Number of protein chains: 2
Amino acid sequence: MGSAASAARADAAAVDAPWEVGALRFRPLDIDTWQEHVIYMHPDCAVCRAEGFSAQTRVRVQIGDHALIATLTLLGAPLLAAGEASLSLSAARILKARAGDVVRVTHAPALESVRALRAKIYGSQLDSAQLDSIIGDISAGRYADVLIAAFLAACAGERMTLGETIDLTRAMVKFGQRLQWDREVVADKHCVGGLPGNRTTPIVVAIAAAAGLLVPKTSSRAITSPAGTADVMEALTCVTLNATQMRRVVERVGAALVWGGALSLSPADDVLIRVERALDIDSEAQLIASILSKKVAAGSTHVLIDVPVGHTAKVREQSKLGHLHAAMTRVAEAFGLKIRIVPTDGSQPVGRGIGPALEALDVLAVLQCQPDAPAALRERSLLLAAELLEFCGAVPVGDGRLQAARLLESGAAWARFQAICEAQGGLRTPGQAVFRRDLTTSRGGIVTAIDNRQVSRIAKLAGAPRRQVVGLALHVRVGDAVDAGAPLCTLHAQASGELDYAFGYALAHVPFVIE
Amino acid sequence: MGSAASAARADAAAVDAPWEVGALRFRPLDIDTWQEHVIYMHPDCAVCRAEGFSAQTRVRVQIGDHALIATLTLLGAPLLAAGEASLSLSAARILKARAGDVVRVTHAPALESVRALRAKIYGSQLDSAQLDSIIGDISAGRYADVLIAAFLAACAGERMTLGETIDLTRAMVKFGQRLQWDREVVADKHCVGGLPGNRTTPIVVAIAAAAGLLVPKTSSRAITSPAGTADVMEALTCVTLNATQMRRVVERVGAALVWGGALSLSPADDVLIRVERALDIDSEAQLIASILSKKVAAGSTHVLIDVPVGHTAKVREQSKLGHLHAAMTRVAEAFGLKIRIVPTDGSQPVGRGIGPALEALDVLAVLQCQPDAPAALRERSLLLAAELLEFCGAVPVGDGRLQAARLLESGAAWARFQAICEAQGGLRTPGQAVFRRDLTTSRGGIVTAIDNRQVSRIAKLAGAPRRQVVGLALHVRVGDAVDAGAPLCTLHAQASGELDYAFGYALAHVPFVIE
C-alpha cells in the first residue's frame, strides 16, 4: 500500500476526506469482459475496507481526467497486491490506463435517472426529459447491465407509446455524434439482418452513387452473424474513419462505406443491443429507435429497409411487418426522415460466400460483371438499387430497374466503388484461407431447403468474422439437383483444428435438405 | 493444451462430437465475484475458438457430477494458459473444484422458461406451471442477472395478480427445503428491517419459548445493514445448523435461533434479493413472496411482522401499510398461515450497539435484566412478545404484556435463551474491539433526530458485519439534552485505519441533529 498511500497523501482532498478518495496503482492484466467494465482490487485492499466495497459493488473509477462506472471483482495475490488495481480491457482502453497510473475509486454516484426508470417499471409514461436522463446515463456507461435489462423489459411489448418511441429515438441521437450533409436528399439503406451472404449494401451504394445520389453509408460489424457489412468492406479497404475523414471521402466521391462504430452515432444503442441480445426480447420501440436513431444521426433523409422474410430468417412471416412499418413510418416522419420497407426472400443465403473475405469476393464478382457472379446477389442488389433510385427521385418511377442494371453493366458502379475504396485508403484484394474441405452429399436428389442459422453457425465455428478469410462457400441453391458425392459447400479455415471442429459440426448438422 | 486434449480424447463423446465437449484443466485463482458465477478461459483457448465463445458468453460448466451456468471472462497469460480454466470462488465452491480437475465447458442450454418470462414482459398473466419453470431455473442458478432483472421489472408495480403472487410464493417454496413440525401452532417473527439496533428477535423468541410456544426461528445475515439477526446470534453461539441439527435443538428446548441460509428454504429468493438490491425496485408481489415463502418453508403457522415506520426507515408512512397488509394476509391464507403486522416506531435506532457483538451485548443486558439495559430495546421486545403470545393463543388477549414482562423478569426467558444457545453448541461471550474513539458534540442542546442510514453507514465503515466485534455504541437518544463536549457515540474498530476512515466519515456526516 506504500505507493498508493503516498499518492493519497499528495492529494488535498484525501487529507480532508480520506474515505472519499481511494487511490491505487494500475497494474495491467489481460482480462477481456467485452463491453462490461470491471475493476479488480485485492480483497485486503484498504480502499475496499474503508469504503465498504465488496465484490459486485458498482464503483466510480478515475484515472487522470477520465472516469467511468465499473463493477468490482476481488482478485487475490499473486494476481494483484493490496494497493494495486487492474481493469478489464474495455475499461482500461476508455481510461487510457498505463502501468503505475494512480487509480481513484469511489462509490458510484446515485443516478437521478433511476427514478424515471422506476416510474417506467411501475407503468408510467415517460416524458422527453426523463428519457433523456436515462439514455444520457446509458450512453455514459453509468448503468449496470441489470438496470439496462430492467429498462428494456419495462419498454417491451406495448408499453411504449408512439410519443415515447419518438422521444427515445431523439434521446439516442442527442447523446451521440451527428453528421450533417448539405444536400436535400441523402440516401441510405439498411437490412434488419439474419440472412447469411446478403451483402447487397456495397453494390447498392456503388450503383446509387454512380446515379448521382449522396450515400454516406455507415455499417455495423457482425454482432451474432459471421460477417457484418463493415467486416466485409474491411476485406477490401479501410473502414475505420472518423467524421472528418468520412466527410472528405463523401465530398470527393459522393459516397462512403465505413464502420459506424468509429463514429459513435448512437452510443446508447450499442449498449442496449448488447443486453437485448442476452435477453432475446423483441421490443418494437427499441427496434425502431435503434435503427432510426443511427439514420437520423448519420444525416440520412431517405432510408430503404431490406427485411428478409423466411422460416430461418429473423422475420418469419410478412404479416408481422404491417404494424412495424406503420409505427416506424410515424417515428421517421417526426425527424423528417422518409423510409421504405422492402420485404425480400429470406428462405436461403444470398451470395455464395459466408464470411468477410468470401462475401467481398462475391461483391467484386457482381460489380465486375463476372460471368460466374452469384445471380441471386446480383438480382437482389439490382432490385434494392432500383427501389432506392426511385424512392430518392434519382430516376422516374418504373425506370429504376433499367437504370440500375445499366449503371452496373456499363462499369459505372464498379468505377464508383473503386473510387470509394481509393478515397478510403486504397482497394485491397481479399486474402484466401489456408485450409479447405468440401462437405459432400451422400445421396443424390433435389435441394429443397437450406438452414440459414446452421450455415451461419458453421461459418462462425470456422472462425468468422474474427478471421477475415475464413467461412464457407456454398455450391448449391434451393431447387438444384445434386448427385451423390457432389460438394454442397467448402469450408475455409486458417487452422486445421478449427476446420475439423467446423467440419464435424457440419456433418452432424447438415444445413441442406435433399429429397 | 496437452493435458486437456488428452482428457478430451479419453472421453467417448469427445471423439464423436469434439465441438460439443470442451475439456480444460482447473487452475485455482482467488477471484471473488460474490454470488455471480464466472469462468475464466484463455483468449486463445481451443474450446473458445471451436465453440465460438467470446467474453460474456453464458456457458455450462461441469466438473464431475456438478454443473452450473457461468459467464465467461477471457483471462490472458500469465494468469491462465490455453488449456486451463479458472472459476470465481462461488462457482468453484459449488462445483467442488480442485486444482487439475477436468472442466467441461459447453454452450448454456436454451432455457424453456424464458418463453414464460418473455410472455410476462409482454404483459401476460402467468399460470403456476410457468412460474414454476421460471423459479426452478432461477433456483438452479440458470438465469443470468439480466434475465432476473427483466423478471423483476416485469413483475413490479401492479403487474402481478393475487393469484400470481400466490403461485410465485408456492414456486419459491417448492424449489427449496421445507421444514415440518408436529404442532398446531408454530410461532415466528419477522422484521422488514431498515432500523439499526432493532435486535428484538432473540429476546422475543426466548420469551415465547419460555411461555411454551414452539419457535424454530431462522434468520438472515446482513444484506445491506451492519448486522442481521444471524450475525448477532453468531456472536453468542453457533448458527450454521442443518435441518436435522436444528430439529434436534427445537425438540430439546422448544426453539432455535439459526441462520436460514444454511437451510436453503427459498433458494430463488436469495438470488432475487441480490438483483433486487442492485435495482432498488420495490415490488409488492416480490416482497410478499420473499417473506412468506421462507415462513411457509420453515413450517410456521403464526407470523408476527414488525414494520418500523419512520423518516429514515424502510417504510416512511404508515398509510402505505394498508394495501400491503391486505394482500399479504390473502396470500398467507392460501398457505394456512396467519400473519399479524405490527407497525413500530422507526424514528431512531433501538438498542445502543450497532454491529454484531455490540448488539449481542444489548440482547444479553435485556435478558439478564441488567439495570442499565437499553430501555427501548426492552420495551419493544416486550411489546412484540406480548403480541406474539396473544396472537398464538399462549395467553388470553390483553394479558400478553403482563405475562411477557413476568417471563423476562423472572429469569425464565434468560434461562430459555441459555438453553437454546447450549443446544446449538454453547453460549459464547461476545468479544471486544481493540480500537475505540468517541464522537463528541461541539455544542450543547437537545438531540432532535438521529439518521438511521448514517448510523448504519458509519458502523459499516468501521467494518461491520464483516468483523464481529466492531461498530458503534450510541450514548444518546432523541430528546436527550447534551452539553458541549459530551460523547454522542463511540466507534469500535479492529484496525486503526478503519477507525480513522469511519471517524472521518462520521465527522463529515454527523448523524445527530442537536438544536
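What counts as what
- Residues numbered from 1 in each chain as written.
- Chains lettered and ligands numbered in written order.
- Predicted model: local features only at pLDDT ≥ 70, side-chain atom pairs only at ≥ 80, totals over all residues.
- Heavy atoms only, no water.
- Helix = DSSP H or I, 4+ residues; strand = E, 2+ residues; numbered from the N terminus.
- Rg over C-alpha atoms; globule rule 2.2 N^0.38 Å.
- Buried < 20%, exposed > 50% of the residue type's maximum accessible area, 1.4 Å probe, protein only.
- Contact = heavy atoms within 4.5 Å.
- Disulfide = S-S within 2.5 Å.
- Pairing = 2+ DSSP bridges.
- Axes fitted to C-alpha atoms, helices over the stretch in contact; angles between N-to-C directions.
- Least-squares fit on C-alpha atoms with pLDDT ≥ 70 in both.
- Expected span 1.5 Å × (residues − 1).
- Salt bridge = Lys/Arg side-chain N within 4 Å of Asp/Glu carboxyl O.
- Buried area = accessible area lost by both parts, 1.4 Å probe.
- Polar contact = N/O pair within 3.5 Å; in protein donor to acceptor, adjacent residues only side chain to side chain.
- Nonpolar A, V, L, I, M, F, W, Y, C, P; charged D, E, K, R; others polar.
- Phe/Tyr/Trp six-rings, centres within 6.5 Å; stacked < 30°, edge-to-face > 60°.
- Lys NZ or Arg CZ within 6 Å of the ring centre and 35° of its normal.
- Lys, Arg positive; Asp, Glu negative; His and termini not counted.

A.B. asks: Whenever I open this one, the overall build of chain A confuses me. Can you help?
C.D. replies: Helix and strand counts for chain A stand at 20 helices and 19 strands. Taking 24 Å as the expected radius of gyration for a compact globule of 515 residues, we find that chain A reaches 25 Å, a close match to that expectation. Each of the three principal axes of chain A carries a C-alpha extent, and together these read 75 × 50 × 45 Å. Per-residue burial over chain A gives 58% buried out of 515 residues. Put simply, 79% of the contacts in chain A that link residues at least 6 apart link residues at least 24 apart.

A.B. asks: How do you make sense of the state of the cysteines when you look at a structure like this?
C.D. replies: Disulfides are covalent bonds that connect the sulfur atoms of two cysteines. One pass over the full model with this rule turns up 0 disulfides over all chains. No disulfide involves Cys421 of chain B; its sulfur sits 11 Å from the nearest other cysteine sulfur, which is in Cys238 of chain B.

A.B. asks: Honestly, the side chain of Ser381 of chain B in this entry has me stumped. Any pointers?
C.D. replies: All names here are of chain B. You can see Ser381 is positioned in helix α16 (residues 375-391). You can call Ser381 buried: its relative accessible area is 1%. When near neighbours in sequence (up to four residues on either side) are disregarded, Ser381 contacts Thr200, Ile203 and Val204.

A.B. asks: Would you mind showing me how to read the sheet that holds strand β13 (residues 353-354) of chain A here?
C.D. replies: Two pairing modes exist for strands in a sheet, parallel and antiparallel, and in both the strands are linked by backbone hydrogen bonds. All names here are of chain A. Pairing is antiparallel across the open sheet formed by 4 strands, whose spatial order is β13-β16-β18-β14. A strand with exactly one partner marks an edge of an open sheet, and here the two such strands are β13 and β14 (435-440). Its contacts with the sheet place helix α19 (residues 452-461) against β13, β16 (471-474) and β18 (487-493), and it is angled at close to 135 degrees to β16. Across the sheet, helix α20 (residues 496-508) is in contact with β14 and β18; its angle to β14 comes to roughly 10 degrees.

A.B. asks: Where do I start with the relation of the copies chain B and chain A in this structure?
C.D. replies: Two copies of one chain are present, and they are related through a rotation about an axis combined with an axial shift. For the pair chain B and chain A, the best superposition has an RMSD of 0.1 Å and corresponds to a rotation of 180 degrees with a translation of 0.1 Å parallel to the axis. Such values leave the two copies arranged in the relation of a two-fold axis. A shared interface surface links the copies, since 98% of the contact residues of chain B are contact residues in chain A too.

A.B. asks: Sorry, what's going on with helix α8 (residues 162-174) of chain B here?
C.D. replies: Note: α-helices contain 3.6 residues per turn, so residues at a spacing of three or four share the same orientation. All names here are of chain B. Taking 1.5 Å as the rise per residue, α8 with 13 residues should run 18 Å; its terminal C-alpha atoms sit 18 Å apart, in good agreement. When we look at burial in α8, the residues that qualify are Glu164, Thr165, Ile166, Asp167, Leu168, Thr169, Ala171, Met172 and Val173. Where α8 is buried, its residues touch α5 (113-121), α6 (128-139), α7 (145-155), α12 (267-279), α13 (284-297) and α14 (321-334).

A.B. asks: Which parts of the structure should I look at to understand the pattern of salt bridges?
C.D. replies: Oppositely charged side chains can form a pair if their charged atoms are brought close together. Applying the stated rule across the entire model yields 40 salt bridges over all chains. For Asp145 of chain A, the salt bridge identified is with Arg274 of chain A, shortest N-O distance 3.1 Å. Residue Asp145 of chain A is found in helix α7 (residues 145-155), and its partner Arg274 of chain A is found in helix α12 (residues 267-279); the two are separated by 129 residues along the sequence. Taking relative accessible area as the criterion, Asp145 of chain A reaches 17% and is therefore assigned buried. For the salt bridge of Arg467 of chain B with Glu498 of chain B, the shortest nitrogen-to-oxygen distance reads 3.0 Å. Of this pair, Arg467 of chain B sits in the loop between α19 (452-461) and β16 (471-474) while Glu498 of chain B sits in helix α20 (residues 496-508), placing them 31 residues apart in sequence. Residue Arg467 of chain B is classed as partly exposed on the basis of its relative accessible area, which comes to 26%. When salt bridges with common partners are traced through the structure, they connect Arg378, Glu379, Arg401 and Glu409 of chain A into a single cluster.

A.B. asks: Whenever I open this one, the pairing of strand β1 (residues 23-26) of chain A confuses me. Can you help?
C.D. replies: Remember that side chains alternate between the two faces of the sheet whenever the strand is regular. All names here are of chain A. Bridge count for β1 against strand β7 (residues 102-107) is 3 bridges, and the pairing is antiparallel. Paired with Leu24 across the two strands is Val103, which belongs to β7. With 2 bridges connecting them, β1 and strand β6 (residues 84-87) associate as parallel partners. From the neighbouring strand, Phe26 faces β6, where its bridge partner is Ala85.

A.B. asks: Would you take a moment to explain the sheet that holds strand β18 (residues 487-493) of chain B for this structure?
C.D. replies: Residue and element names in this part refer to chain B. If you trace the 4 strands from one edge of the open sheet to the other, you get β13-β16-β18-β14, paired in antiparallel fashion. Since the sheet does not close on itself, it has two edges, and those belong to β13 (353-354) and β14 (435-440), each with one partner. In this sheet, β16 lies alongside β13 in antiparallel orientation, the contact comprising 2 bridges. Paired with Gly353 across the two strands is Ala473, which belongs to β16. Across the face of the sheet, α19 comes into contact with β13, β16 and β18 while running at roughly 135 degrees to β16.

A.B. asks: Teacher, can you tell me more about the interface of chain B and chain A here?
C.D. replies: Interfaces are often sized by the amount of accessible area the parts lose when they come together. Contact with chain B, which involves 56 residues of that partner, is made by 56 residues of chain A. Regarding the contact of chain B and chain A, the summed buried area is about 4700 Å², with carbon and sulfur atoms giving 61% of it. Summed over the shared surface of chain B and chain A, the number is 0 salt bridges. Counting every contact that joins chain B to chain A gives 8 residue pairs in polar contact (both at pLDDT 80 or more). Elements with a minimum of two residues in the side of chain B that touches chain A: β2 (31-32), α3 (46-51), β5 (66-75), α5, α7, α12, α19 and α20 of chain B. With 6 residues, the top contributor of residues to the side of chain B that touches chain A is α7 of chain B. Residues of the side of chain B that touches chain A, tallied by class, amount to 30 nonpolar, 10 polar and 16 charged.

A.B. asks: Would you take a moment to explain the packing of aromatic side chains for this structure?
C.D. replies: What describes a pair of aromatic rings is the distance from one ring centre to the other and the angle between the planes of the rings. All chains considered together, the criterion is met by 2 aromatic pairs over all chains. Relative to Phe417 of chain A, the ring of Trp414 of chain A has its centre 6.3 Å away and its plane inclined at 20 degrees; by these criteria the two rings are stacked. In this pair, Trp414 of chain A and Phe417 of chain A are both assigned in helix α18 (residues 412-423), 3 residues apart and thus about one turn of the helix distant. Judged on exposure class, the residue Trp414 of chain A and its partner Phe417 of chain A are both buried. Of note, Arg247 of chain A hangs over the ring of Trp181 of chain A, and the distance from its end group to the ring centre comes to 4.6 Å. Sitting over the ring of Trp259 of chain B, Arg221 of chain B keeps its end group 4.4 Å from the ring centre.

A.B. asks: Before we go on, may I ask you to explain unusual backbone geometry in this structure?
C.D. replies: The omega angle of the peptide bond from Ala77 of chain A to Pro78 of chain A is 5 degrees, so this bond is cis rather than trans. Inspection of the secondary structure puts Pro78 of chain A in the loop between β5 (66-75) and β6. That bond from Ala464 of chain B to Pro465 of chain B is cis: its omega, 0 degrees, falls within 30 degrees of zero. Residue placement: Pro465 of chain B occurs in the loop between α19 and β16. The phi angle at Cys369 of chain A is positive, at roughly 50 degrees, despite the residue not being glycine. Among the secondary structure elements, Cys369 of chain A is positioned in the loop between α15 (356-367) and α16 (375-391).

A.B. asks: Can you walk me through the side chain of Arg380 of chain A in this structure?
C.D. replies: Residue and element names in this part refer to chain A. Secondary-structure assignment places Arg380 in helix α16. We note that Arg380 is buried and unpaired, the nearest opposite charge coming from Asp306 at a distance of 4.3 Å. Only 2.8 Å separates the side chain of Arg380 from the side chain of Thr344, close enough to count as a polar contact. Apart from residues no more than four positions distant in its own chain, Arg380 is found in contact with Leu195, Asn198, Thr200, Asp306, Thr344, Asp345 and Val350.

A.B. asks: Just to check I follow, could you spell out the environment of Ser113 of chain B for this structure?
C.D. replies: Residues and elements named next belong to chain B. Checked against the element boundaries, Ser113 lands in helix α5. Residue classification places Ser113 among the buried positions, given a relative accessible area of 2%. The spatial distance from the C-alpha of Ser113 to the C-alpha of Ile69 is 15 Å, given a sequence separation of 44 residues. Excluding residues within four positions of it along the chain, Ser113 makes contact with Ser133, Ile134, Asp137 and Tyr143. A polar contact of 2.7 Å, which involves the side chain of Ser113, links it to the side chain of Asp137.

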